[in-house]
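# Secondary and tertiary structure notes
Below, each chain spelled out in residue letters.
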Amino acid sequence: MTIETPTGDTFVDHDSFTIDDLRELIRSAVGVEDGVDLDGRIEDVPFADLGYDSLALIELASHLKRTSGIVIPDDAAAELASPRVAVDIINAHLADRARAE
């Protein structure tokens, strides 16, 4: 799977989506607030504690849809609890896609 950033760069070229892929997606889609360290152990940190509100998560899902075709409905995106949950949902979509091919 490949995801394209707004600048046209690609950063995912494997079959599963990792926390590192999510970090890059967050940086390219919605940015990082001052004082937030996305390079630490963020897997189970609530998105709200990382500075991302429901609108930022909807924008993240929108970017994911535009760049990869993976659809996370707005209401589900707004309720994402943590980066681990986001990665799990994205990988479930990738698995579904692989089974369909």
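Up top is the structure these notes are about.
Residues numbered from 1 in each chain as written. Predicted model: local features only at pLDDT ≥ 70, side-chain atom pairs only at ≥ 80, totals over all residues. Heavy atoms only, no water.

Glancing now at the overall build of the protein. Within the protein one finds four helices and zero strands. Its helices and strands in sequence order give the protein the pattern α-α-α-α, from N to C terminus. Counting the 101 residues in the protein, one finds 37% classified as buried. Partitioning the contacts of the protein with sequence separation of at least 6, the portion at a separation of at least 24 is 50%. With an accessible surface of roughly 5700 Å², the protein has 47% of that area assigned to carbon and sulfur atoms. (Helix = DSSP H or I, 4+ residues; strand = E, 2+ residues; numbered from the N terminus. Buried < 20%, exposed > 50% of the residue type's maximum accessible area, 1.4 Å probe, protein only. Contact = heavy atoms within 4.5 Å. Areas by Shrake-Rupley, 256 points an atom, 1.4 Å probe, with all protein chains shown as cover.)

By convention here, two paired aromatic rings are described through the distance between centres and the angle between planes. This model, assessed by the stated rule, comprises one aromatic pair. Taking the centre distance of 6.5 Å and the plane angle of 80° together, the rings of Phe 47 and Tyr 52 count as edge-to-face. Each member of the pair, Phe 47 together with Tyr 52, is buried. (Phe/Tyr/Trp six-rings, centres within 6.5 Å; stacked < 30°, edge-to-face > 60°.)

Read these as layout, nothing more, since geometry by itself doesn't imply function.
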